[in-house]
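# Notes for the structure review
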Amino acid sequence: MANVLEIRNLTKTFGGLTAVDNFSMDITDCQIHALIGPNGSGKTTTINMISGVLTADSGTINYQGKDIRTMTTDEIAKLGIVRTFQNIKLFPSLSVLENAMVGGHVFTGVNMFQSLFNFRKRAREERELRERACAALKYVGCYELRDENVSNLPYGKQKMLELARAMMASPKLLLLDEPAAGLNPTERMELVSMLEKIFDDGVKLFLVEHNMDVVMNLCHQITVLSFGKKIAEGSPKETQEHPEVIKAYLGDRYKKV
Ligand code: ADP
Ligand code: MG
């Protein structure tokens, strides 16, 4: 078991509020890792710091032998760290296929909007991008929907499309912020199967998630945050039985059957 990512003493403050407080964690290469904790405990801030959306005030984030703490989102994405957002960020006026194609922008050297508006000039690149997007849509089971407008898709399919778009960037480590939020039980099961497939295909997974069935069924290692501090870490069983975790977060949320 090797470490994919090593976070040491990461701290982020907003004004007087310490959102993430001296936080350390390893993501290993053979575990699906979840970050859980109450609302406002610093989970999204942690994903934002790993993906370069926010720069941590102090600490280190080591990935492939480099400290990526001060790198930009584009630099980090090029190293293979790709993230999805807590609220879906698709382009509602574009088709399913076009949305998937946008995910390939990281390799084109131009930004997302330029890549949308320069398509005609770059027919060959577009064809290749289209082929890759079709393959990504097949991978997540959305190929038949490729010409639909995104706003016509059920929420579960929009989430799958978001995964297809993330896969277009050829991630090595995928960061998912509450992927199961808003999904019904059937869609949640589909999501778990899809994430298992992605992990089996060699992509490392780190997710923030509130749905305990998803966390307990999918993840091998769980880190628990409360008020920006790590209060526990371990297997699903260890975490579930940890008194401080039950007190700070789980309560009645997840009872063993
Ligand atoms: P979680 O994802 O665990 O619900 P967040 O990481 O979103 O929590 O937020 C942690 C804390 O930091 C919260 O108190 C939140 O209000 C605050 N926070 C997050 N982002 C910002 C920001 N950009 N500016 C000011 N405060 C923020
Ligand atoms: Mg959040």
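Quick summary incoming for the structure in this document. (Residues numbered from 1 in each chain as written. Chains lettered and ligands numbered in written order. Predicted model: local features only at pLDDT ≥ 70, side-chain atom pairs only at ≥ 80, totals over all residues. Heavy atoms only, no water.)

## Things to note about the overall build of the chain
In plain terms, the rule: Each helix corresponds to a stretch of at least 4 residues labelled H or I by DSSP, and each strand to a stretch of at least 2 residues labelled E; elements are numbered beginning at the N terminus. A radius of gyration in this sense is built from C-alpha atoms; the matching globule rule multiplies 2.2 Å by the number of residues raised to 0.38. Relative accessibility under 20% of the residue-type maximum defines a buried residue, over 50% an exposed one, and the middle range a partly exposed one, all with a 1.4 Å probe and only protein chains included. We call two residues in contact when some of their heavy atoms are within 4.5 Å. Throughout, the Shrake-Rupley method with a 1.4 Å probe supplies accessible areas, and for residues the shown protein chains are the sole cover considered. Charge assignment in this entry is limited to Lys and Arg as positive and Asp and Glu as negative, and neither His nor the chain termini are counted. Taken as the charge centre is NZ of Lys, CZ of Arg, CG of Asp or CD of Glu, depending on the residue.
A tally of helices and strands in the chain yields 10 helices and 10 strands. For 257 residues, the compact-globule formula gives about 18 Å, and the C-alpha radius of gyration of the chain, at 18 Å, lands near that figure. C-alpha extents for the chain along the principal axes are approximately 60 × 40 × 35 Å. Counting every position in the chain, which comprises 257 residues, the buried fraction comes to 52%. Taking the intrachain contacts of the chain between residues at least 6 apart in sequence as the baseline, contacts between residues at least 24 apart amount to 65%. Accessible surface, the chain: about 12,200 Å² in total, of which carbon and sulfur atoms supply 50%. On the chain, the mean spot of the 31 positive side-chain charges and the mean spot of the 31 negative ones are 3 Å from each other.

## Considering the sheet that holds strand β6 (residues 81-84)
Let me state the cut-off plainly: Here the rule is simple: two strands pair whenever DSSP picks up at least two bridges between them. For every element, the axis is a line fit to its C-alpha atoms; helices are fit only across the contacting stretch, and the angle between N-to-C directions ranges from 0 to 180 degrees.
Ordered by their spatial adjacency, 6 strands build an open sheet running β6-β7-β8-β3-β9-β10, and the pairing between neighbours is mixed. Bordering the open sheet on either side are β6 and β10 (229-234), each of which pairs with just one other strand. Averaged over all pairs of adjacent strands, the angle between their axes in this sheet comes to 15°, without regard to strand direction. Bridge analysis of strand β3 (residues 33-36) against strand β9 (residues 221-226) gives 4 bridges, and the strand direction is parallel. Residue pairing for β9: His33 is matched across the bridge by Gln221. Each of β7 (173-177) and β8 (204-208) is contacted by helix α7 (residues 185-200), which is oriented at about 145° to β8, the strand it contacts most. Contacting β3, β9 and β10, helix α10 (residues 243-250) runs over the sheet at an angle of about 125° to β10.

## Remarks on the packing of aromatic side chains
Any two aromatic rings considered together are summarised by their centre-to-centre distance and by the angle between their planes. To keep it simple, the criterion reads: Pairing of aromatic side chains requires ring centres within 6.5 Å, counting the rings of Phe and Tyr and the six-membered ring of Trp. Pairs whose planes differ by under 30 degrees are stacked, by over 60 edge-to-face, and all others tilted. Placement of a charge over a ring requires the Lys NZ or Arg CZ to be within 6 Å of the ring centre, with the centre-to-atom vector within 35 degrees of the ring normal.
Overall, the coordinates contain 0 aromatic pairs when judged by the stated rule. The ring of Phe85 has Lys89 lying over it, and the distance from NZ or CZ to the ring centre is 4.2 Å. Sitting above the plane of the Tyr139 ring, Lys197 keeps its charged end 4.2 Å from the centroid.

## Description of the pairing of strand β4 (residues 58-63)
The pairing of strand β1 (residues 3-14) with β4 spans 5 bridges and is classified as antiparallel. Paired with Arg8 across the two strands is Thr60, which belongs to β4. With 2 bridges joining them, β4 and strand β5 (residues 66-67) adopt antiparallel strand pairing. Considered in β5, the bridge of Tyr63 is made with Lys66. From the end of β4 to the start of β5, which pair antiparallel, there are 2 residues, and Gln64 there has a positive phi angle of about 50°.

## Quick look at the environment of Lys43
The line we're drawing: For the purposes of these results, a polar contact is taken to be a pair of N or O atoms within 3.5 Å, where, inside protein, one atom must be able to donate a hydrogen and its partner to accept one; residues adjacent in sequence count only when each atom of the pair is a side-chain atom.
Note that Lys43 resides in helix α1 (residues 43-51). Sequence-wise, Lys43 and Phe227 are 184 residues apart; in three dimensions their C-alpha atoms are separated by 9.8 Å. Every residue in contact with Lys43, bar those within four places of it in the chain, is listed here: Leu35, Ile36, Gly37, Pro38, Val208, His210 and Leu225. Here the side chain of Lys43 touches Gly37 through a polar contact of 3.0 Å, landing on its backbone oxygen. Only 3.0 Å separates the side chain of Lys43 from the backbone oxygen of Pro38, close enough to count as a polar contact.

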